[in-house]
Amino acid sequence: MGEEVEQQEFSRADRTRHREKVRRNLDVFARMLREARFDTDDPMTGLEVELNLIDDRGDPALKNAEVLERIASPEFQTELGQFNIEINVPRARCAGAA
C-alpha cells in the first residue's frame, strides 16, 4: 500500500489481472481460516485506520502528501488515493492472553 499510482486508465486485461490477484489473496485467507493457521497460543491484534481527507465542501482533498508531511509520524502512511491516509497501530497482545 501507499505506492504512487501514475496510471490513469486501465485496460480490460489490467482489471482482469487485478481481480485474479484479489481472488488469490481471498483464497489464501480462506485457507488460513479453514486450516486454523493463526497463532492461538499468543493471540495478538493490530489496527489500521483509514482516513479520508476532505475540503470545506466535503469533496475529496487531494493533499495526502502535504498532510503526511505536517503530521511527520512514521505511523501514518499514504493510501491508494491522494485523498486518504492511514495510521497503523503496532500489534499488541490481546487482553487476558497468557
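Please refer to the structure higher up on the page.
Below is a summary of the structure that appears in this document. What you see is a predicted model, and the numbers here were worked out from it, not measured in a lab.

### Concerning helix H1 (residues 12–34)
Phase 1: Its 23 residues give H1 an end-to-end C-alpha distance of 33 Å, which sits within 8% of 33 Å, the value for a rise of 1.5 Å per residue.
Phase 2: Phi for Ala 36, located one or two positions after H1, is positive at around 50°.

### Details of the environment of Pro 90
Phase 1: Tracing the chain through its elements places Pro 90 in strand E3 (residues 84–93).
Phase 2: Pro 90 gets classed as exposed once you look at its relative accessible area, which sits at 59%.

### Description of a nonpolar patch on the surface
Phase 1: On the surface, a nonpolar cluster with roughly 280 Å² of combined accessible area is contributed by Leu 47, Val 49, Leu 51 and Val 89.
Phase 2: In terms of residues, the nonpolar patch owes the most to one element, strand E1 (residues 44–52), which gives three residues.
Phase 3: As for its position among the elements, Val 49 is in strand E1.

Each value, and the rule that gives it
- Residues numbered from 1 in each chain as written.
- Predicted model: local features only at pLDDT ≥ 70, side-chain atom pairs only at ≥ 80, totals over all residues.
- Heavy atoms only, no water.
- Helix = DSSP H or I, 4+ residues; strand = E, 2+ residues; numbered from the N terminus.
- Expected span 1.5 Å × (residues − 1).
- Buried < 20%, exposed > 50% of the residue type's maximum accessible area, 1.4 Å probe, protein only.
- Patch = residues over 30% accessible without salt bridge, like charges linked within 9 Å, V, L, I, M, F, W, Y side chains within 5 Å.
- Areas by Shrake-Rupley, 256 points an atom, 1.4 Å probe, with all protein chains shown as cover.
- Salt bridge = Lys/Arg side-chain N within 4 Å of Asp/Glu carboxyl O.

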